[in-house]
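# Observations on the model geometry
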Amino acid sequence: MENIQQQHENIHGNRGRLGKMQEYLGEFVYGGIDGAITTFAVVAGAAGASFDHTVIIILGLANLIADGFSMSVGAYLAQKSEGDSYDKHRNIELWEIDKWPDIEKEEIREIYRQKGFDGKLLEEVVEVITKDKEVWADEMMQGEHQMLPDGKSPIWVGVATFISFAVMGFIPLMVYVLPFMQVEAPLLIASILTLTAFLFIGYLKSYVTQTSAIRGMLETLSLGAIAAGLAYFAGTVLEGMIG
């Protein structure tokens, strides 16, 4: 019996730890998509313009640092704004509960009446909820404002976004940066590596959005191919015009 209970606790403990990691999987996915696409577009455009490898490395790393930081700051501010908005409305609800408890209690009653509760059961539910101001405020936030607390740390949202952007964005640059990977056709190898990254990110995207894995992989691959093709074409055209 103790072994079964221990196994049960271990399973739920592992799920809890995995759940905490999965909280930021969405940020990792979308940061990775942006990182891989934009950096590969820079590499493809620079290669199309026949730039020297040193220039490609400089442009690629500058994109990783500048765009990665910009995206992570944007993700941080967006998450923080969402949390601040929730806290603001919740504090207003707590103030209204203190100021006009009868009116707020009637709003709870109406919320649960619309859910199908009535009679004695409705009054019992209202009585239980309104005994605790914190629970009361939470119910008002969900029922009246359709707002739920996210629970994510804005800092970790920004960190996850930057890490994924940098890691996935470095893949197209590996052939140019790492000495042991330098080959005769660097753009071709970079394209194959980035293709693999697109497929991986697309799979993760489908996991986050709970959609078809094949569809997610093809969507990400298509977006990356279009961005790279346009960048390479633009680089080639500009090199011909300027050169």
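Residues numbered from 1 in each chain as written. Predicted model: local features only at pLDDT ≥ 70, side-chain atom pairs only at ≥ 80, totals over all residues. Heavy atoms only, no water.

### So, the packing of helix α2 (residues 25–48) against helix α9 (residues 186–209)
Worth spelling out the cut-off: Axes here mean lines fitted to C-alpha atoms, for a helix over just the part in contact, with angles spanning 0 to 180 degrees between N-to-C directions. Segments assigned H or I by DSSP are reported as helices when at least four residues long, segments assigned E as strands when at least two residues long, and all are numbered from the N terminus. Angles below 35 degrees are treated as roughly parallel, those above 145 as roughly antiparallel, those between 65 and 115 as roughly perpendicular, and all remaining angles as oblique. If you view the pair so one helix is near and one far, a crossing is left-handed when the near helix is turned anticlockwise from the far one by less than a right angle, and right-handed when it is turned clockwise. Residue polarity follows a fixed list, in which Ala, Val, Leu, Ile, Met, Phe, Trp, Tyr, Cys and Pro are nonpolar, Asp, Glu, Lys and Arg are charged, and the others, Gly among them, are polar.
One can describe the packing of α2 onto α9 by two numbers: an axis separation of 9 Å at closest approach and a directional angle of 160°. If you check the angle between α2 and α9, you find them roughly antiparallel. Helix-helix and strand crossings are classified by hand; for α2 and α9 the assignment is left-handed. Residue composition of the contact of α2 with α9, grouped by class: 18 nonpolar, five polar and one charged.

### Thoughts on unusual backbone geometry
Rules: Categorising residues by exposure relies on relative accessible area from a 1.4 Å probe, with only protein chains included: less than 20% of the type maximum marks a residue as buried, more than 50% marks it as exposed, and the intermediate range marks it as partly exposed.
Within the chain, Q146 stands out as a residue other than glycine whose phi angle is a positive 55°. Relative to the helices and strands, Q146 resides in the loop between α6 (133–143) and α7 (154–170). The class for Q146 is exposed, based on a relative accessible area of 60%.

### Here we look at helix α3 (residues 53–99)
Put simply, the rule reads: Expected helix span is taken as 1.5 Å per residue step, with the number of steps being one fewer than the number of residues. For the purposes of these results, a polar contact is taken to be a pair of N or O atoms within 3.5 Å, where, inside protein, one atom must be able to donate a hydrogen and its partner to accept one; residues adjacent in sequence count only when each atom of the pair is a side-chain atom.
The end-to-end C-alpha distance of α3, which contains 47 residues, comes to 68 Å, matching closely the 69 Å that a straight helix rising 1.5 Å per residue would cover. The backbone nitrogen of T54 lies 2.9 Å from a side-chain oxygen of the residue at the head of α3, namely D52.

### Some details on the layout of surface pockets
Inclusion rule: Only protein atoms enter the calculation, which uses a 1 Å grid: trapped sets of points that fit a 1.4 Å probe without letting it out are cavities, open sets showing protein on both sides within 12 Å along at least five of seven lines are pockets, and any residue with an atom within 4 Å of a point is a lining residue. Grid points are joined across faces, edges and corners, and a volume is the space filled by probe spheres set on the points.
Taken as a whole, the largest pocket encloses approximately 160 Å³ of empty space. Element by element, the count of residues in the lining of the largest pocket is highest for α3, at five residues. Residues of the lining of the largest pocket, tallied by class, amount to five nonpolar, three polar and four charged.

### Let's talk about the nonpolar core
Put simply, the test is: In plain words, nonpolar cores are sets of buried Ala, Val, Leu, Ile, Met, Phe, Trp, Tyr and Cys residues tied together by side-chain atoms within 4.5 Å. Here, two residues are considered to be in contact whenever any of their heavy atoms come within 4.5 Å of each other.
Residues V43, I56, Y176 and A190 are the most contacted members of the largest nonpolar core, which totals 13 residues. At the level of elements, α2, α3 and α8 (174–177) are the ones that each hand at least two residues to this core. For this core, the leading source of residues is α2, giving five residues. Once residues within four sequence positions are removed from consideration, V43 is found in contact with I56, P172, L173, Y176 and L187. By size, the runner-up hydrophobic cluster in this structure holds twelve residues, among which are I111, Y112, I129 and A137.

### A short note on the confidence of the model for the protein
The following threshold applies: For every residue, the predictor states its confidence as a pLDDT score lying anywhere from 0 to 100.
Overall, the prediction assigns the protein a mean pLDDT of 82, with 87% of residues at 70 or greater. Across the protein, the element-wise mean pLDDT spans from 45 in helix α1 (residues 2–22) up to 92 in α7. Across residues 1–18, where pLDDT falls below 50, the model places zero contacts with residues more than four positions away in sequence or in other chains.

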